[in-house]
Amino acid sequence: MTRVGHLMAPHGLRGAMKLFVIGDADQLLGLKRLYLEGHGWRRVTTIQAQGPGVTVQLSGTDTREDALTLRNVNVYAHDRELPPLDDGQFYYHELRGLPVETATGERLGEVTDVLDMGHQDLLVVRHAGGEALVPLQAPYVRVRRGLEVTLLDSAPDGLIGGQADVVTPSAEPEDDA
């Protein structure tokens, strides 16, 4: 399953809710069901684009009070039910587990997660020294769906596994005692 967003405040009196969407809201418009964390699968009775998200009416959510019980619940869709994407587009779940390599094929790590940070998604890359955050939309990141994530030569030095710059003071601090 792929997390597609989370339910926000009720929208209207009949149990419809605003769904904050991770990614493109239009990709959800054809879904017939959604999985609500802790509440199971629910049939989508209506769904419409509204602003950056969608308004959704789910089976079993007939009143504003019903909708309030689902506020801030994470929402998922089954991977097979998501619509196919154009070349150059991908779902977050397609990136998890991909190797991260240099342009010459040297393995740097593996994508363990993708964080939706608004205008810039971040790849969480596990490497020998820990974890690094790599901006997904950066011009030096190339994704080959189902194959790998490549950091081009223009990537900043030390982006993955590099040592932080150590600043040595020019003089020892004065002892005030």
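Residues numbered from 1 in each chain as written. Predicted model: local features only at pLDDT ≥ 70, side-chain atom pairs only at ≥ 80, totals over all residues. Heavy atoms only, no water.

**Points about the pattern of salt bridges**
With the rule as written, the count across this model stands at six salt bridges. Taking the shortest distance from any N to any O, the salt bridge between Arg33 and Glu81 comes out at 2.9 Å. In this pair, Arg33 is assigned in strand 3 (residues 33–36) and Glu81 in the loop between strand 6 (74–77) and helix 2 (92–95), connecting sequence segments 48 residues apart. Residues Glu110 and Arg126 are paired through a salt bridge, measuring 3.7 Å at the closest nitrogen-oxygen approach. A residue pair is termed long-range when its members are at least 10 positions apart, and Glu110 in strand 8 (residues 107–116) and Arg126 in strand 9 (residues 121–127) qualify at 16 residues. (Salt bridge = Lys/Arg side-chain N within 4 Å of Asp/Glu carboxyl O. Helix = DSSP H or I, 4+ residues; strand = E, 2+ residues; numbered from the N terminus.)

**Looking at the sheet that holds strand 3**
Read around the closed barrel, six strands run 1-2-5-4-3-6, paired in antiparallel fashion. Across the sheet, the mean angle separating the axes of adjacent strands is 45° when strand polarity is ignored. (Pairing = 2+ DSSP bridges. Axes fitted to C-alpha atoms, helices over the stretch in contact; angles between N-to-C directions.)

**A few points about the pairing of strand 3**
Only one face of strand 3 is covered, namely the face carrying Leu34 and Leu36; the face carrying Arg33 and Tyr35 is uncovered. Where strand 3 lies against strand 4 (residues 40–50), four bridges are found, and the strand directions are antiparallel. Directly across from Leu34, in strand 4, lies its bridge partner Arg42. Two successive antiparallel strands, strand 3 and strand 4, enclose a turn made up of three residues, where Gly38 displays a positive phi of approximately 80°. Across two bridges, the pairing between strand 3 and strand 6 is antiparallel. For Leu36, the partnering residue across the bridge sits in strand 6 and is Val75. (Buried < 20%, exposed > 50% of the residue type's maximum accessible area, 1.4 Å probe, protein only.)

**Here we look at the side chain of Lys18**
Mapped onto the elements of the fold, Lys18 is located in strand 2 (residues 17–21). With no salt bridge to any partner, buried Lys18 finds its closest opposite charge in Asp26, at an N-O distance of 11 Å. Here the side chain of Lys18 touches Gln50 through a polar contact of 2.4 Å, landing on its backbone oxygen. Contact partners of Lys18, with chain neighbours within four places excluded, come to His6, Leu7, Met8, Ala9, His11, Gln50, Gly51, Gly53, Val54 and Thr55. (Lys, Arg positive; Asp, Glu negative; His and termini not counted. Polar contact = N/O pair within 3.5 Å; in protein donor to acceptor, adjacent residues only side chain to side chain. Contact = heavy atoms within 4.5 Å.)

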